[in-house]
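Residue strings, one per chain:
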Amino acid sequence: MSAGLGAVFMHGNRFRHNLLTALLLAPATAWLVVFLVLPFIAIAVFSVGERAPEGGYQAAFTLAQYANLPARATAFWNTMMLAPVGALACLLVAYPVAYYLALKAPQRWRLILLALVVIPFWTSLLMRTYAWMYILGGRGIPALLAFVGIEDVRLINTPGAVLLGIVYGYLPLMILPIYVSLERLDRRLLEASADLGATPFSTFLGVTLKLSLPGVMTGFSLVMILLLGEYLIPTLLGGGKVFFIGNALVDLFLQSRNWPFGSAIAITLVAVSVVVLIAANRISTRVSGARRVDLI
Amino acid sequence: MRAFVTAVFAFLYLPIALVVLFSFNAGRHASEFTGFSVQWYGTALSNPFLVEALKNSLFIATTSALLAAVCGTAAALGLSRVGLRTRAVFDALMGAAIVVPGVVIGISTLVALVQLFGVLNPFLASIWPDDQPPRLSLGYGSIIAAHGLFSMALVTMIVGTRLASLDRNLVEASSDLYATPLTTFRSIVLPQIMPAVVAGFLLAFTFSFDDFIVAFFVAGAQTTLPIYVFASIRRGVTPEINAIATIVLVASVLLVVLAQWQLRQRKPSN
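Chain B carries the name ABC transporter permease in an unreviewed UniProt entry, which gives Mesorhizobium neociceri as its organism. Within the UniProt record for chain B, the comment given under Sequence similarities (unreviewed entry) is "Belongs to the binding-protein-dependent transport system permease family. CysTW subfamily." The annotation that UniProt attaches to chain B under Subcellular location (unreviewed entry) is "Cell membrane".

As recorded by an unreviewed UniProt entry, chain A carries the name ABC transporter permease and is attributed to Mesorhizobium neociceri. Taken directly from UniProt, the Subcellular location (unreviewed entry) text for chain A runs: "Cell membrane". The record in UniProt for chain A states the following under Sequence similarities (unreviewed entry): "Belongs to the binding-protein-dependent transport system permease family. CysTW subfamily."

Student: Can you walk me through the overall build of chain B in this structure?
Tutor: When helices and strands are tallied, chain B shows eleven helices and zero strands. Going residue by residue from the N terminus, the α and β elements of chain B occur as α-α-α-α-α-α-α-α-α-α-α. By its C-alpha atoms, chain B is 70 × 65 × 35 Å across when sized along the principal axes. Sequence separation of at least 24 residues holds for 70% of the intrachain contacts in chain B that already meet a minimum separation of 6. Total accessible area on chain B stands at roughly 12,300 Å², and carbon and sulfur atoms take up 68% of it.

Student: Can you help me understand the interface of chain A and chain B in this one?
Tutor: Frequently, the measure chosen for interface size is the accessible area that the parts lose on association. Contacts between chain A and chain B engage 78 residues on the former and 94 residues on the latter. Of the roughly 7,900 Å² buried between chain A and chain B, counting both surfaces, carbon and sulfur atoms make up 83%. The interface formed by chain A and chain B includes zero salt bridges. By residue number, the principal contributor to the side of chain A that touches chain B is helix α2 (residues 14-47) of chain A, which donates 18 residues. Of the residues contributing to the side of chain A that touches chain B, the split by class is 62 nonpolar, 13 polar and three charged.

Student: Please explain the UniProt feature "transmembrane region" (unreviewed entry) in chain A as it appears in this structure.
Tutor: Residue and element names in this part refer to chain A. Taking the numbering used here, the UniProt-annotated feature "transmembrane region" (unreviewed entry) corresponds to residues 20-46, 81-102, 109-125, 162-182, 202-228 and 260-280. Between the C-alpha atoms that bound residues 20-46 the distance is 38 Å, and the span itself is 100% helix and 0% strand. Across residues 109-125, helical content stands at 82% and strand content at 0%; the span's end C-alpha atoms are separated by 26 Å.

Student: Honestly, the UniProt feature "transmembrane region" (unreviewed entry) in chain B in this entry has me stumped. Any pointers?
Tutor: In this structure's numbering, the residues bearing the UniProt feature "transmembrane region" (unreviewed entry) are residues 58-80, 92-118, 138-164, 185-206, 212-231 and 243-263 of chain B. The annotated region residues 185-206 of chain B carries 100% helix and 0% strand content, and the separation between its end C-alpha atoms amounts to 29 Å.

Student: It is not clear to me how the packing of helix α9 (residues 187-195) of chain A against helix α10 (residues 200-228) of chain A should be interpreted in this structure. Could you clarify?
Tutor: Between two packed helices, what matters for the description is the angle formed by their axes and the separation of those axes. All names here are of chain A. Where α9 contacts α10, the axes come no closer than 10 Å and their chain directions differ by 165°. Taken together, the axes of α9 and α10 lie roughly antiparallel to each other. Once α9 is placed against α10, the crossing between them reads as right-handed. For the pair α9 and α10, contact is made by Leu-189, Leu-190, Ser-193 and Ala-194 and by Thr-203, Val-207, Thr-208 and Leu-211, respectively.

Student: Can you walk me through the packing of helix α3 (residues 48-79) of chain B against helix α10 (residues 225-235) of chain B in this structure?
Tutor: All names here are of chain B. Contact geometry for α3 and α10: axes closest at 7 Å, N-to-C directions at 145°. Residues Phe-49, Leu-50, Ala-53, Leu-54 and Ser-57 of α3 lie in contact with α10, whose contacting residues are Leu-225, Pro-226 and Tyr-228. Its residues assigned to classes, the contact of α3 with α10 comprises seven nonpolar, one polar and no charged.

Student: Even after reading the chapter, I still don't get a nonpolar patch on the surface, so can you show me in this structure?
Tutor: Where nonpolar side chains cluster on the molecular surface, the patch consists of Val33(A), Val34(A), Leu38(A), Ile41(A) and Val45(A) and spans about 370 Å² of accessible area. When you line up the elements, Ile41(A) lands in helix α2.

Student: How should I be thinking about the UniProt feature "domain: ABC transmembrane type-1" (unreviewed entry) in chain A in this particular structure?
Tutor: The feature "domain: ABC transmembrane type-1" (unreviewed entry), as given by UniProt, occupies residues 76-280 of chain A in the numbering adopted here. Taken end to end, residues 76-280 of chain A is 81% helix and 0% strand, and its first and last C-alpha atoms sit 20 Å apart.

Student: What's the story with the side chain of Thr21(A) in this structure? I'm lost.
Tutor: Mapped onto the elements of the fold, Thr21(A) is located in helix α2. On the basis of relative accessible area, Thr21(A) is assigned to the buried category, the value being 6%. Thr21(A) has contacts with Gly78(B), Arg81(B) and Val82(B), leaving out every residue within four places of it along the chain.

Student: How do you make sense of the domain arrangement of chain B when you look at a structure like this?
Tutor: Residues and elements named next belong to chain B. Here chain B is partitioned into domain 1 (1-37) and domain 2 (48-264). Between domain 1 and domain 2, the C-alpha centre-to-centre distance is 32 Å. With seven residues of domain 1 in contact, the opposing surface of domain 2 contributes six residues. Ranking the residues of domain 1 by area buried against domain 2 places Val-19, Ser-23 and Arg-28 at the top, with a combined share of 59%. If you look at where domain 1 meets domain 2, you find one residue pair in polar contact (both at pLDDT 80 or more).

Student: Please explain the pattern of salt bridges as it appears in this structure.
Tutor: Oppositely charged side chains can form a pair if their charged atoms are brought close together. All names here are of chain A. Enumeration over the complete set of coordinates arrives at three salt bridges over all chains. Here Asp-186 ties to Arg-188 by a salt bridge, and the two come within 3.0 Å at their closest N and O atoms. Judged by its relative accessible area of 61%, Arg-188 falls in the exposed class.

Student: I keep staring at unusual backbone geometry and nothing clicks. Help me out?
Tutor: Comment: phi is negative for the bulk of residues other than glycine, and the bulk of peptide bonds are trans. The backbone phi angle of Asn157(A) is positive, close to 65°, even though this residue is not glycine. Following the sequence through the fold, Asn157(A) ends up in the loop between α7 (141-147) and α8 (159-183).

Student: What is the right way to read helix α8 (residues 181-210) of chain B from this model?
Tutor: Every α-helix winds through 3.6 residues per turn, so residues three or four apart in the chain are directed the same way. The axis of α8(B) is deflected most strongly, by about 50°, at Leu190(B), and proline Pro191(B) appears within four residues downstream. Within α8(B), 21 of the 30 residues are buried, which leaves it mostly tucked inside the rest of the structure.

Student: Would you mind showing me how to read the nonpolar core here?
Tutor: Within soluble globular proteins, side chains that are nonpolar tend to cluster in buried spots. Of all hydrophobic cores here, the largest spans 171 residues; its most connected members are Tyr170(A), Leu182(A), Leu249(A), Phe217(B) and Leu225(B). Tallying contributions element by element places helix α4 (residues 73-104) of chain A first for this core, with 15 residues. For Leu182(A), the contacting residues outside a window of four places in its chain are Tyr95(A), Ala98(A), Tyr99(A), Ala102(A), Leu103(A), Thr208(A) and Ser212(A).

What counts as what
- Residues numbered from 1 in each chain as written.
- Chains lettered and ligands numbered in written order.
- Predicted model: local features only at pLDDT ≥ 70, side-chain atom pairs only at ≥ 80, totals over all residues.
- Heavy atoms only, no water.
- UniProt positions renumbered as here; feature names shortened; annotations may be inferred.
- Helix = DSSP H or I, 4+ residues; strand = E, 2+ residues; numbered from the N terminus.
- Contact = heavy atoms within 4.5 Å.
- Areas by Shrake-Rupley, 256 points an atom, 1.4 Å probe, with all protein chains shown as cover.
- Buried area = accessible area lost by both parts, 1.4 Å probe.
- Salt bridge = Lys/Arg side-chain N within 4 Å of Asp/Glu carboxyl O.
- Nonpolar A, V, L, I, M, F, W, Y, C, P; charged D, E, K, R; others polar.
- Axes fitted to C-alpha atoms, helices over the stretch in contact; angles between N-to-C directions.
- Parallel < 35°, antiparallel > 145°, perpendicular 65-115°, else oblique.
- Left-handed = near helix turned anticlockwise from the far one by under 90°.
- Patch = residues over 30% accessible without salt bridge, like charges linked within 9 Å, V, L, I, M, F, W, Y side chains within 5 Å.
- Buried < 20%, exposed > 50% of the residue type's maximum accessible area, 1.4 Å probe, protein only.
- Domains from an automatic or database assignment.
- Polar contact = N/O pair within 3.5 Å; in protein donor to acceptor, adjacent residues only side chain to side chain.
- Bend = angle between axes of the 7 residues up to and from the residue.
- Core = buried A, V, L, I, M, F, W, Y, C linked by side-chain atoms within 4.5 Å.

Listed below in structure tokens is the structure:
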């Protein structure tokens, strides 16, 4: 592996080389084991346990928690509906923006516009979402609508509000990978397609869209996976009426203290995420044969 | 298409603009702008709970980002020296640390730490020489550790990408010219990866500072700024939250711009 860089440290003998490698990797390994692998094992064990009478966990080996999953069917249903729909809505808004940034925007504007896309992503989702509570709340858009004669419009605390919050919150994450894949696109292919008599629309379908599919799949699966664990948006904009799996987990761990059931839900959530990731990876390699686009 | 893109940018920035605008509102009500005033900044900064939460968040973000920058860089360097199979295992774990939803990271860390403390605290009590053994509990440490996980994976990825594009010829030239490994590292490798390390630190800081959901589970009795803001929102929006949100937004934007600028520093001049 990487003979050149290895050579930096290769002066000593093999033992010293290995020792240094181990030392460099030790802190990260310890962290990954203690704060990722062990916690995951812990919730896996908890998920086959029982709830202690006073809350928390009691050792057992039962699949009762998993059999009980339908008790939270609404949360699963909302999440499984709104995550793909939200990711799709995000995609429909994001694609034209990414296309414009990568292929149409004037060169000197491109970086500035790209920074404008990135900045919201790295600012607090909490702060950005709560602004929508004003806008959609009784004194926001509904008040404006009442002013022009449309009365009794309720926006906040509806699935629509949650969907809007989702598109708003995750748009940057969708734009970025699509932008990257479009920006890498070989422009000569577009010219070749046009020279060979393709209409702009069929060039878009056959060349642009096809070659940007890995970026689309990366963005879609990332947004979808983050949405599966979303808590803030349904809480703030759904007002306790649109429950997600994240809400169920907060309730089970911090309020009703049914840790084994919560663990079973968490394990199910991770399993669904893994399935989504694998499916997205499969589709993306099948459609294009190209490598997935790294986000960062 | 330009009209659509303009509309999307308006959509992205309208809520942010509203928060900033209303932070300068003279009146108490969120619905009408009654005049320009900076009074809510004063109210926010003289609220002891808010200031305490802000200090906690700054401390946690700084510590976890420093930890991530050091350990993540070390990991990236280490990973450039191992075989493909070891690398694949690390890549998978780091990928999981980034992709697994925050809510799952939060609860699993909570569960694991509570169990761990359940074992460690009696043990500490039994070996401690006097009657006041330290009691491990959730708080600063657990938030820093949980944030450190995501941040470290992030730094490893960013620095790893930079290492992969490092000019190997310079490294070989340096060792051919009898530079010691340490000298080569200090004068060739480190300057080239430094922008990535700094960018990683800044992104890690921003992540930790903005994170709500992980901290919500593992904070114990501590309050971070997002936790305080969340609680205030649920009690009803107050204008001082707009003021603090504006301060945080401006700070986050500055940090992100700084991080992007650092990442674009291709070749440091020296």
